[in-house]
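Here are the chains, one letter per residue:
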Amino acid sequence: MYSFARDSRNLKEFMIKRLRIFTLLSFISGFILVPEISFSQEKDSTGAVKKEEGFDAGKFIIDHVTDKYEWHIMGSHEDPVSIPLPLILYSKKNGLDIFLSSNFHHGKEAYNGYALNHEGHIEREDGASFYDFSITKAVTTLLLVSIIVLLLFISVAKSYTRRAGQAPKGFQSLIEPFILFVRDDIAKQSIGEKHYKKFLPLLLTQFFFIWVANTIGLIPSFPGVMGNISVTFTLAAIVLIITLLIGNKHYWQHIFWMPGVPAWVKISLLTPIEIIGVFQRPFVLMIRIFANIAAGHIVILSFICLIFVFSAKGDAAGWGFSPVSMIFALFMNAMELLVAFLQAFVFTLLTALYIGSCLEEPHHAEEHHK
Amino acid sequence: MTLGILLLNPLLSPSYGLIVWTLLAFLIVLFLLKKFAWKPILKSLAEREESIQNAIDEAKKTRDEMASLKSDNEKILIQAKTERDNILKEAREIKEKMIAEAKDRASKEAEKLVASARENIHNEKMKAITELKNQVAVLSIEIAEKILKQELTDKDKQRAIVKNLLDEIKMN
């Protein structure tokens, strides 16, 4: 056995040297993640909480991309440095319970009849059912995103009213091209001149909410909230409900009873496919952004983890591979920065296209079918 | 079965708590941004675009006006030029006409003068001729008288004359 303590010190030194070479982005990811892992390894070596030999990258990564009841900053799971988050639980027996997640002492203790299981989920000790509306890490990030977006755009709006009739300036001129992009290239193009104004607030909010959330997710220790299926499910569900509510006669006619097609084809093939299509489109919307963001985070974490997978084979391997790993992680981070924008754009564009298809006027199609 | 396995995956299992919070957060953000951000931003963007469009239209209109003004000026200039030319031409014509008339009148006057002079001369000449004739007649009579007086003073000569006269008569 070699000394993990020395290893971690060396690693830290090595990291610090490397920081000068690499950009801020990989600096942060390396800095936050590395001490965390070294801590856990140190713990293992002293035998305080020895569970398993080696480093389980899969478990580590999944642990990082799933939602948590506390904001983990560094350290092992048993004794971490973390910010406790408020839990909001309701059960018929206990009523409403609001307390901080620190009361669980990282799963070591139960509180008010609730306990954390080894997977990080809350369970009731008596096994009864309860409702969980806790402010988790993802919820905290979402609230942060909401606050940032609100502050950002309300201040931009203020500078618009303050400097009415003048050329844009400062942050306003940075944001304006994107607002115009959403308005002219997404909304106007996809929905059409007649109806686009009504949906602009939704599309703009979607675009900037997703973009800010994606970008914040790139800061190490922040979760990629759009890589959480519950979040994307909600956003896609909003789109589904809107398309169900606004569809005009022409749209529904084309789904249930496509004109110009034999009845048996409609009943056996077309109508079922179209009905599936109504739900499939928001479903794809949900999966696409979830998969893109989750995958991006997983890939970046994988490259970081590779250092520790290699270092388990020996000092030299770990050291030797870390520059390669960091270059790839840097590359992925840069790409994720692009993906953050791209997914916001794609989500907004597809929403606009669905809305546009629901509001399409019959004059073109009608001639076509006759 | 497959769906069950998928949902067991911690990545793919949705949590209703997070769904509720997401819905709440997004709808509140949507509502607040719609009211306090998008409305004023889109309004002022539209206003600015409109004012820019108006300015461009105005500039175009002014340019057109300038062009039409310029062409008007040119038209007026051309008109003035032709008018000037006409006036000059007319003046020249009048001048020529006046000169011609003057010449005409002068030559007529001259002719008249010449004609009257000629008539006068003619008259004077005739008068002179008549006077001359009369004087010649008087002189001839006087001469004849003197000759006769002279001839008839001598008897022989009278006889000769008578005889001549008689001879002449005889010959007849």
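Since the structure is predicted, the reported quantities are computational estimates derived from the model, not experimental observations.

Looking now at the interface of chain B and chain A. In this assembly, 29 residues from chain B lie in contact with 39 residues from chain A. The residue inventory of the side of chain B that touches chain A, partitioned by class, reads 22 nonpolar, 5 polar and 2 charged.

Quick look at the confidence of the model for chain B now. All names here are of chain B. Across chain B, the average pLDDT comes to 89, with 94% of residues at 70 or higher. Ranking the elements of chain B by mean pLDDT puts helix α1 (residues 2-8) last with 61 and helix α2 (residues 16-152) first with 92. Among the scores for the predicted complex, ipTM is 0.78 and pTM is 0.70.

Attention shifts here to the nonpolar core. With 71 residues, the main nonpolar core has A:A187 and A:L203 as its most contacted residues. If you list the elements that add at least two residues to this core, you get α4 (137-162), α5 (171-191), α6 (196-216), α7 (229-246), α9 (263-311) and α10 (315-358) of chain A together with α2 of chain B. It is α9(A) that contributes the most residues to this core, 15 residues altogether. In this structure, A:L203 is in contact with A:V182, A:I186, A:A187, A:T348, A:T351 and A:A352, ignoring residues within four places of it in sequence.

Further remarks concern the domain arrangement of chain A. For chain A, the domain assignment lists domain 1 (81-132) and domain 2 (137-369). Just the C-alpha atoms count here: the centres of domain 1 of chain A and domain 2 of chain A sit 33 Å apart.

Another point: the environment of A:F310. Checked against the element boundaries, A:F310 lands in helix α9. Setting aside chain neighbours within four positions, we find A:F310 in contact with A:A317, A:G318 and A:F321.

The strands that make up a sheet are held in pairs by hydrogen bonds between backbone atoms, and each pair lies either parallel or antiparallel. Residue and element names in this part refer to chain A. The antiparallel open sheet is built from 3 strands, whose spatial order is β4-β3-β7. The open sheet has two edge strands with one neighbour each: β4 (95-100) and β7 (131-132). Pairing analysis gives 6 bridges linking strand β3 (residues 86-91) to β4, with the strands arranged antiparallel. Its bridge partner lying in β4, L87 is registered against F99.

Another aspect to go through is the packing of α4(A) against α6(A). Residue and element names in this part refer to chain A. Contact geometry of α4 with α6 gives a least axis separation of 9 Å together with a crossing angle of 125°. Considering their axes alone, α4 and α6 lie oblique with respect to each other. Every pair of crossing elements has a handedness; the one defined by α4 and α6 is right-handed. Of the residues in α6, those in contact with T141, L144, V145, I148, V149 and F153 of α4 are F208, F209, V212, A213 and I216. Considered class by class, the residues forming the contact of α4 with α6 number 10 nonpolar, 1 polar and no charged.

Basis of the calculations
Residues numbered from 1 in each chain as written. Chains lettered and ligands numbered in written order. Predicted model: local features only at pLDDT ≥ 70, side-chain atom pairs only at ≥ 80, totals over all residues. Contact = placed C-beta atoms within 7 Å. Nonpolar A, V, L, I, M, F, W, Y, C, P; charged D, E, K, R; others polar. pLDDT = per-residue confidence, 0-100. Helix = DSSP H or I, 4+ residues; strand = E, 2+ residues; numbered from the N terminus. Core = buried A, V, L, I, M, F, W, Y, C linked by C-beta atoms within 7 Å. Buried ≥ 20, exposed ≤ 12 C-beta atoms within 10 Å, placed from the backbone. Domains from an automatic or database assignment. Pairing = 2+ DSSP bridges. Axes fitted to C-alpha atoms, helices over the stretch in contact; angles between N-to-C directions. Parallel < 35°, antiparallel > 145°, perpendicular 65-115°, else oblique. Left-handed = near helix turned anticlockwise from the far one by under 90°.

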